[in-house]
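These are the residues of each chain, in order.
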Amino acid sequence: MSRMKFWCDDYRCIDCNGCVVACKEAHEVPVGVNRRRVVTINEGIEGKQISLSVACMHCSDAPCQKICPTDCFYIRADGIVLHDKEKCIGCGYCLYACPFGAPQFGHQGLFGVKGVMDKCTFCAGGPDATLSETEMHHYGQNRIAEGKIPMCASMCSTKALIAGDSVEVAKIFDARKAKRGFGTALKPYGWEAYNDKQ
């Protein structure tokens, strides 16, 4: 089975935040929660500024899944890491375990008590019935079930954000790196396991 992955081309990302807005609109994400964000490194330094669109990387050995005391995380056969909001107790362990800061918590009540965790679902819904109203309410659109790519990647104006089967995304990565003259020796973080097992 193929593994689904994201890759953001730092040479093409222009920090427009179109992916962030597309995700928020498609999934009706509450204020204060960002399933996707754009991170800029060396901002303002000419020639060294790099922008990357970051979200859950759907790790094969997801640290959030390993640390969760209620086992609310699960990994689908296609590698998409999802969570069950009915099991989440809002402890925040997943946020500290995730190297990408993907888990998000909306604040509720007067004292800012954390609610249940929210994160990128790769537009694959959740454990509720596929394409149901409940699934849309809890997790947003299920574009994968509709045969579409995630909304953030589909709306990227420069095609910096690529999503889909890891083998196909790796081919795009290799082609772009070779075209720029960098060779293909380095793969994005955590991809070695995916490209060796086909």
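Just above sits the structure.
Attention in this report is confined to the structure presented alongside it. Every value quoted in this text rests on a predicted model; they were computed, and no experiment measured them.

Any two side chains of opposite charge can pair, so long as their charged atoms come close to each other. With the rule as written, the count across this model stands at 8 salt bridges. A salt bridge links R176 to D9, with the shortest nitrogen-to-oxygen separation between them at 3.1 Å. One end of the pair, R176, is in helix α6 (residues 166-180); the other, D9, is in the loop between β1 (4-8) and α1 (18-27), and 167 residues separate them in sequence. Residue classification places D9 among the buried positions, given a relative accessible area of 1%. Between K85 and D118 there is a salt bridge, with the nearest N and O atoms lying 3.6 Å from each other. Here K85, found in the loop between β5 (81-83) and α3 (93-97), pairs with D118, found in strand β7 (residues 113-118); they are 33 residues apart in sequence, far enough to count as distant. Each member of the pair, K85 as well as D118, carries the same accessibility label: buried. Here the salt bridges do not stand alone but share partners, grouping D9, R12, R176 and R180 into one network.

Together, V39, I41 and I50 give the surface a local cluster of nonpolar side chains, amounting to about 200 Å² of exposed area. For I50, the position within the fold is in strand β3 (residues 50-54). Its relative accessible area of 30% is what places I50 among the partly exposed residues.

Each pocket or cavity is described by its volume, and for the second largest pocket that value is around 300 Å³. In terms of lining residues, the second largest pocket is bounded by 20 residues, among which P30, K85, D118, H137 and H138 are the most central. Where the lining of the second largest pocket is concerned, the elements lending two or more residues are β6 (104-108), β7 and α4 (133-139). Tallied by class, residues from the lining of the second largest pocket come to 7 nonpolar, 9 polar and 4 charged.

The subject of this paragraph is the state of the cysteines. Overall, the coordinates contain 0 disulfides when judged by the stated rule. Between C13, a free cysteine, and C8, which holds the nearest cysteine sulfur, the sulfur-to-sulfur gap is 4.4 Å. Free cysteine C16: the closest other cysteine sulfur is in C156, separated by 6.4 Å.

What counts as what
Residues numbered from 1 in each chain as written. Predicted model: local features only at pLDDT ≥ 70, side-chain atom pairs only at ≥ 80, totals over all residues. Heavy atoms only, no water. Salt bridge = Lys/Arg side-chain N within 4 Å of Asp/Glu carboxyl O. Helix = DSSP H or I, 4+ residues; strand = E, 2+ residues; numbered from the N terminus. Buried < 20%, exposed > 50% of the residue type's maximum accessible area, 1.4 Å probe, protein only. Patch = residues over 30% accessible without salt bridge, like charges linked within 9 Å, V, L, I, M, F, W, Y side chains within 5 Å. Areas by Shrake-Rupley, 256 points an atom, 1.4 Å probe, with all protein chains shown as cover. 1 Å grid on protein atoms, 1.4 Å probe; cavity = no way out; pocket = protein on both sides within 12 Å on 5 of 7 lines; lining within 4 Å. Points joined across faces, edges and corners; volume = space filled by probe spheres on them. Nonpolar A, V, L, I, M, F, W, Y, C, P; charged D, E, K, R; others polar. Disulfide = S-S within 2.5 Å.

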